[in-house]
Amino acid sequence: MQLQIEPDGDRPLVQQVTEGLREWIERHASSGVRLPSIRRLSSELNVSRNIVIEAYERLVALGWVRSRPGSGFYVAERPMEADEQGARSGMADVSGEMWNQFQDDGNSLRLGCGWLPSEWREEEVFAHAVRQVTRHASSGLFDYSTPLGSPELRALIQERLRRLAIDADANQLLMTGGASQALDIIVRWLLRPGDTVFVETPGYYNLFGLLHLQRVRIIGVRRTAEGPDPEHLEALLERYSPKLFFCNSVFHNPTGTTLSPAAAHRVLQLAERHDMRIVEDDIYADFQHDPTPRLASLDGIRRVIYVGSFSKSLSCSLRVGFIAAPPGMLKPLVDVKMLSNIATSPFAEQVVATLLRNGAYRKLMERLRVRLASQMARAMQLVREGGWEIYAVPRGGMFLWVRHPDVESSSELVALARRRGIRLSPGHVFLPDADDSPWLRINVAYTSDPEAVAFLRAPL
């Protein structure tokens, strides 16, 4: 088995080994063929055994390889259809990038990640809420939650949505394990293989992976400084009939842009005319000081399904999100949730409810907005000093979408940054067609680090 591995390449070694094995299986192997042992392959490729183990585990998860305990790894017995191969390839691209971001070597600066630094978290505030829940609500430690989720938390979220002019009854709210599970539930219920969906480009790569998993056709709608490009959306609607359009309203990932009132009205007009349902992803809502119009507020939650989350604002490990949907959709969405995950965590929901009820969450968000605003101003100054181009100036949040005029492919910058101990995500993972791109996502919360400052001021 001859695999081309570049130790100093722009892709992580485990990704190179995984993709090399997948290509070799496609071209040379039939089902049931035994793959080289971990020891043999690590020796042949001159990589660590852990790299080979991780590559095999990824291929097992994606259905390319089967593990037989005590015997080794074998090419999966079931041949894959062409469309399934495409779906799995798209899933592998996304999962590979996610593995790259979530691996913690203890040294790298995660300048391109999608979450806040751990040192920004106010541990004592969380600890106080956890102690209260543990002391007064022992059911959260042992019992299942109700199908819709905590009644108290849903009532508190209902009040918070009213501040965004979103009129949703508490019985229209379904608690989920973060926004990722919310999107997964929606995708599982509403989409079937072969359906067409619209997404924003650039956009959220984890969503792309979920859609690949469902084997749907993904069409990208240009994201501008004002939101989805209405002209582009209208032109695409003349050609396609999408089941759903996924849209990020505030502090869009990865461009940092926010939906303008004019763009929101135009998108809803087109959705009404073409009978298109919209999924509004608003997980950065609490990062915004002065609320701007949401699609769900203008639509009244008729054809808009609204997704929110506390995971980005509070803690990545506190997986609490929710769906606000038309009343007629709640029961099937609950069914999917119960069949796939039984219930959400009542303990996590009670912690969030405690923070909302005692005012701690409001104060946390006030401090976070001030800190992010300062970091955003500093980050924009740094990238301008370094000669970077900014796609659009955000009104807040934590993302900048930038490119350097001297670099044609962001993969070059990813490789250069890695050699300096900095992790970035290549721009192509944020595009539904995965085309090469010069653009990069920068998380401004990490730009105070001296390594980040040096890189942004003089990347080359």
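Look above for the structure.
Quick look at the structure, then. (Residues numbered from 1 in each chain as written. Predicted model: local features only at pLDDT ≥ 70, side-chain atom pairs only at ≥ 80, totals over all residues. Heavy atoms only, no water.)

### Details of the overall build of the protein
For clarity, the cut-off: Helical segments are the DSSP runs of H or I of at least four residues, strand segments are the runs of E of at least two, and each set is numbered from the N terminus. Here the globule rule reads 2.2 Å times residues to the power 0.38, and the radius of gyration is calculated from C-alpha atoms. Residue exposure (1.4 Å probe, protein chains only): buried if accessible area is under 20% of the type maximum, exposed if over 50%, otherwise partly exposed. Contact definition: two residues touch when any of their heavy atoms are within 4.5 Å. Only four residue types enter the charge count, namely Lys and Arg as positive and Asp and Glu as negative; His and the chain termini do not. Taken as the charge location is NZ of Lys, CZ of Arg, CG of Asp or CD of Glu.
In terms of helices and strands, the protein carries 17 helices and 13 strands. Computed over its C-alpha atoms, the radius of gyration of the protein comes to 23 Å, within 12% of the 23 Å expected for a compact globule of 460 residues. By its C-alpha atoms, the protein is 60 × 55 × 50 Å across when sized along the principal axes. The proportion of buried residues among the 460 residues of the protein is 59%. Put simply, 72% of the contacts in the protein that link residues at least 6 apart link residues at least 24 apart. Within the protein, one finds 54 positive and 55 negative side-chain charges whose respective centroids are separated by 4 Å.

### What about the pattern of salt bridges?
Which entries qualify depends on this criterion: The rule for a salt bridge is simple: a side-chain nitrogen of Lys or Arg has to be within 4 Å of a carboxyl oxygen of Asp or Glu.
Tallied over the entire structure, the rule returns 22 salt bridges. Between E159 and R162 there is a salt bridge whose closest N-O contact spans 2.5 Å. Placement of the pair is E159 and R162 together in helix α7 (residues 151-162), with a separation of 3 residues, close to one helical turn. E159 sits in the partly exposed class, given a relative accessible area of 37%. Take R162: its relative accessible area is 44%, and that puts it in the partly exposed class. A salt bridge links D184 to R188, with the shortest nitrogen-to-oxygen separation between them at 2.9 Å. Of this pair, D184 and R188 both sit in helix α8 (residues 178-190), 4 residues apart, which is roughly one turn of the helix. Judged by its relative accessible area of 16%, D184 falls in the buried class. A relative accessible area of 42% places R188 in the partly exposed class.

### Examining the sheet that holds strand β8 (residues 277-281)
Condition: Two strands pair under a simple rule: DSSP has to find at least two bridges between them. For helices, the fitted axis covers only the stretch in contact; all axes are lines through C-alpha atoms, and the angles between them, taken along N-to-C directions, range from 0 to 180 degrees.
The mixed open sheet is built from 8 strands, whose spatial order is β3-β10-β9-β8-β7-β4-β5-β6. On the outer flanks of this sheet lie β3 (173-176) and β6 (227-228), each paired with one strand and no other. In terms of strand pairing, strand β7 (residues 244-248) meets β8 through 5 bridges, oriented parallel. For C247, the partnering residue across the bridge sits in β8 and is E280. Its contacts with the sheet put α7 on β3, β9 (304-309) and β10 (321-324), and the angle it makes with β3 is roughly 115°.

### Examining the environment of G328
As for its position among the elements, G328 is in helix α13 (residues 327-341). Considering only alpha carbons, one finds G328 and L191, 137 residues apart in sequence, at a separation of 17 Å.

### A closer look at the environment of T176
Applied cut-off: Think of a polar contact as two N or O atoms within 3.5 Å of one another; within protein, one of them needs to be a possible hydrogen donor and the other a possible acceptor, and neighboring residues in sequence only count if both atoms come from side chains.
On the secondary structure map, T176 appears in strand β3. The spacing of T176 and W388 is 212 residues in sequence and 39 Å in space, taken between C-alpha atoms. In this structure T176 touches Q181, A182, I185, R319, V320, G321, F322, I323 and T344, once residues within four positions along its chain are discounted. Polar contacts involving the side chain of T176 include one to the main-chain amide nitrogen of F322, which spans 3.4 Å.

### Points about the nonpolar core
Across soluble globular proteins, nonpolar side chains show a tendency to be buried alongside one another. Where we set the bar: Side-chain atoms within 4.5 Å link the members of a nonpolar core, which is a set of buried Ala, Val, Leu, Ile, Met, Phe, Trp, Tyr and Cys residues.
Within the largest apolar cluster, 126 residues are counted, with the highest numbers of intra-cluster contacts made by F198, L211, F246, I278 and L400. Residue contributions to this core peak at 11 residues, all from helix α15 (residues 360-385). Setting aside its immediate chain neighbours within four residues, L211 contacts V187, L191, V197, V199, V216, I218 and F246.

### Here we look at a negative patch on the surface
Cut-off, in case you're wondering: Patches were defined on residues exceeding 30% relative accessible area and lacking a salt bridge, with like-charge contacts within 9 Å and nonpolar side-chain contacts (Val, Leu, Ile, Met, Phe, Trp, Tyr) within 5 Å. Here the open area of atoms and residues is found with the Shrake-Rupley method and a 1.4 Å probe, where only the protein chains shown may cover a residue.
Among the surface-exposed residues, E408, E412, D433, D435 and D436 lie close enough to one another that they form a single negatively charged patch. Within the element layout of this structure, D435 appears in the loop between α16 (410-419) and β13 (440-443). With relative accessibility at 43%, the residue D435 sits in the partly exposed group.

### Brief notes about the packing of aromatic side chains
Worth spelling out the cut-off: What counts as a ring pair is set by centres within 6.5 Å for rings of Phe, Tyr and Trp (its six-membered ring), and what kind of pair is set by the plane angle: stacked under 30 degrees, edge-to-face over 60, tilted for all other angles. Only lysine NZ and arginine CZ atoms are considered, and such an atom sits over a ring when it is within 6 Å of the ring centre and within 35 degrees of the ring normal.
Overall, the coordinates contain 14 aromatic pairs when judged by the stated rule. Pairing Y391 with W439 gives two aromatic rings, centres 5.4 Å apart and planes at 90°, and the pair type is edge-to-face. With Y391 in the loop between β11 (389-390) and β12 (399-403) and W439 in the loop between α16 and β13, this residue pair connects regions lying 48 residues apart in the sequence. The exposure class assigned to W439 is buried, which follows from its relative accessible area of 13%. A cation sits over an aromatic face here: R68 above Y74, 3.9 Å from the ring centre. Looking at R403, its charged tip hangs above the ring of W439, at a distance of 5.8 Å from the centre.

### Some details on helix α2 (residues 38-45)
Our working definition: To be clear, the arc concerns the directions from the helix axis to the C-beta atoms.
I38, L41, S42 and L45 are the residues of α2 that are buried. The buried residues of α2 all sit within an arc of 100° when viewed along its axis, so they share a single face. Of the exposed residues in α2, the ones pointing more than 90 degrees away from its buried face are R39 and S43. Packed against the buried residues of α2 are α1 (13-28), α3 (49-61) and β2 (72-75). Positive phi appears at N46, one or two residues downstream of α2, with a value of about 60°.

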